[in-house]
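The primary structure of each chain is shown beneath.
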Amino acid sequence: MIEVDKLSKSFNNLEVLHSVRFNVRPQEIVVLIGPSGSGKSTLLRCLNGLEEPSEGLIRVGDVMWEASMDAKKKKQAIRQFRTLTGMVFQSFNLFPHMTVLQNIITAPLFAKKVPKKEAIQLAEALLEKVGLLNKRDEYPSRLSGGQQQRVAIARSLAVRPQIMLFDEPTSALDPELTGEVLSVMKQLALEGMTMIIVTHEMKFAQEVADRVIFMSEGSIQEEGEPESFFSQPNTERARKFLQQFN
Ligand code: ADP
Ligand code: MG
């Protein structure tokens, strides 16, 4: 579903991703962990077409970005990455001047040219899925953080992405509100959505991950199944990192 090879990314000559390589299979749940500043967000942003890599290759579904392609083809690939992947951020980023329903139908209506009636039907089905159909006509400011994040997930799903990317989706929430967001994500996982999740929720990671990737200083240090990774990490760096969650 996703192939990443020799991916590097620099900002003004400072390389923050160094030759990153990994694959994600259809329906796989990959949890990406690592210290702050290790490049997790930059990696997701490259997959979502919010950043352009400096070197290497990214394939999402049938769409390929390769450093050696001509500029026009690369730009086209990046535009397609944006619709193939749905991204959920730490800050919910809902449009404050739009109702919940309007937030969800905007991208289908204007970017995907879905007829309005159909867009509304899909939005209502997605709101039902995240348990917020009764908030359809509220404005984001009237919702709790957990509810806003569930709307943000519904909004990402509305363009029917093939892969969902989550960048610390519960980090900005009060602890009592994280559960409702994590359970929506678990449900998506059960339904077979392919997902890459950056999180510090280690218990959740152990429960849902098919594979854990540990990054540090812009490189993948190790990856493995959650059982072995969490009980017996191979690298000293991962051991140190995991200690803070015990
Ligand atoms: P993480 O998500 O793991 O905390 P990030 O991907 O946000 O890490 O950041 C990795 C490194 O890239 C950090 O050193 C950060 O300062 C740098 N960085 C991220 N975005 C930019 C940017 N737009 N311009 C310059 N440096 C950036
Ligand atoms: Mg980050």
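Since the model is a prediction, treat every value here as computed from it, not as a measurement.

## What to know about the nonpolar core
In globular proteins that are soluble, nonpolar side chains generally tend to be buried together.
Inference 1: In terms of nonpolar packing, the biggest core is built from 50 residues, with Ile 33, Ile 153, Phe 166, Met 195 and Ile 197 touching the most fellow members.
Inference 2: Counting residues per element, this core draws most heavily on helix α6 (residues 175–190), which supplies seven residues.
Inference 3: The residues contacting Met 195, other than those within four sequence positions of it, are Glu 28, Ile 29, Val 30, Met 164, Phe 166, Met 185, Leu 188 and Ala 189.

## As for the UniProt feature "domain: ABC transporter" (unreviewed entry) in the protein chain
Inference 1: Taken from the UniProt record, the annotation "domain: ABC transporter" (unreviewed entry) applies to residues 2–242.
Inference 2: End C-alpha atoms of residues 2–242 are separated by 27 Å, and the span's content is 40% helix alongside 26% strand.

## A short note on the site of ligand 1
Inference 1: Taken together, Phe 11, Val 16, Pro 35, Ser 36, Gly 37, Ser 38, Gly 39, Lys 40, Ser 41 and Thr 42 are the residues near ligand 1.
Inference 2: In this structure, an oxygen atom belonging to ligand 1 sits 2.8 Å away from a side-chain N or O atom of Lys 40.
Inference 3: Note that an oxygen atom of ligand 1 is positioned 2.8 Å from one of the side-chain N or O atoms of Ser 41.
Inference 4: With the chains in place, 59% of the 570 Å² that ligand 1 exposes on its own is no longer accessible.
Inference 5: A per-element tally of the shell around ligand 1 places helix α1 (residues 40–47) first, with three residues.
Inference 6: Here the shell around ligand 1 is composed, by residue class, of three nonpolar, six polar and one charged.

## Details of the pattern of salt bridges
Pairing between side chains of opposite charge can happen when the charged atoms of each approach one another.
Inference 1: Within the structure shown, the criterion is met by 17 salt bridges.
Inference 2: Note that Arg 25 is salt-bridged to Glu 28, the shortest N-O span being 3.3 Å.
Inference 3: The salt bridge involving Arg 136 is made with Asp 137; its shortest N-O contact spans 2.9 Å.
Inference 4: Asp 137 sits in the exposed class, given a relative accessible area of 52%.
Inference 5: Among the charged side chains, a salt-bridge network with shared partners connects Arg 25, Glu 28, Arg 211 and Glu 223.

## Topic: unusual backbone geometry
Trans peptide bonds make up the majority, and among non-glycine residues the majority have a negative phi.
Inference 1: Not every positive phi belongs to a glycine, and Asn 13 is a case in point at roughly 70 degrees.
Inference 2: Within the secondary structure, Asn 13 is located in the loop between β1 (2–11) and β2 (14–24).
Inference 3: Even without a glycine there, the phi angle at Gln 27 is positive, about 70 degrees.
Inference 4: Along the chain, Gln 27 falls in the loop between β2 and β3 (29–33).

## Brief notes about the sheet that holds β2
Two modes of strand pairing occur in sheets, parallel and antiparallel, and in both the strands are linked by backbone hydrogen bonds.
Inference 1: Spatially, the four strands line up as an open sheet ordered β2-β1-β4-β5, and their pairing is antiparallel. Strand pairing shows two members of the sheet lacking a second neighbour, β2 and β5 (63–66), which therefore form its edges. Sheet twist, expressed as the mean angle between neighbouring strand axes with direction ignored, is 20 degrees.
Inference 2: Relative to β2, α1 is tilted by about 65 degrees, and along the sheet it contacts β1, β2 and β4 (55–60).
Inference 3: Across the sheet, helix α2 (residues 71–84) touches β4 and β5, and the angle it forms with β5 is around 130 degrees.

## Thoughts on the packing of helix α5 (residues 145–157) against α6
Inference 1: Relative orientation of the contacting elements α5 and α6 amounts to 20 degrees, with a least axis distance of 8 Å. One finds that α5 runs roughly parallel with respect to α6. In this structure, α5 crosses over α6, and the sense of that crossing is right-handed. On α6, the residues that touch Gly 145, Gly 146, Gln 147, Gln 149, Arg 150, Ile 153 and Leu 157 of α5 are Leu 177, Glu 180, Val 181, Val 184, Met 185 and Leu 188.

What counts, and where the lines are drawn
- Residues numbered from 1 in each chain as written.
- Chains lettered and ligands numbered in written order.
- Predicted model: local features only at pLDDT ≥ 70, side-chain atom pairs only at ≥ 80, totals over all residues.
- Heavy atoms only, no water.
- Core = buried A, V, L, I, M, F, W, Y, C linked by side-chain atoms within 4.5 Å.
- Buried < 20%, exposed > 50% of the residue type's maximum accessible area, 1.4 Å probe, protein only.
- Helix = DSSP H or I, 4+ residues; strand = E, 2+ residues; numbered from the N terminus.
- Contact = heavy atoms within 4.5 Å.
- UniProt positions renumbered as here; feature names shortened; annotations may be inferred.
- Near = heavy atom within 4 Å.
- Polar contact = N/O pair within 3.5 Å; in protein donor to acceptor, adjacent residues only side chain to side chain.
- Areas by Shrake-Rupley, 256 points an atom, 1.4 Å probe, with all protein chains shown as cover.
- Nonpolar A, V, L, I, M, F, W, Y, C, P; charged D, E, K, R; others polar.
- Salt bridge = Lys/Arg side-chain N within 4 Å of Asp/Glu carboxyl O.
- Pairing = 2+ DSSP bridges.
- Axes fitted to C-alpha atoms, helices over the stretch in contact; angles between N-to-C directions.
- Parallel < 35°, antiparallel > 145°, perpendicular 65-115°, else oblique.
- Left-handed = near helix turned anticlockwise from the far one by under 90°.

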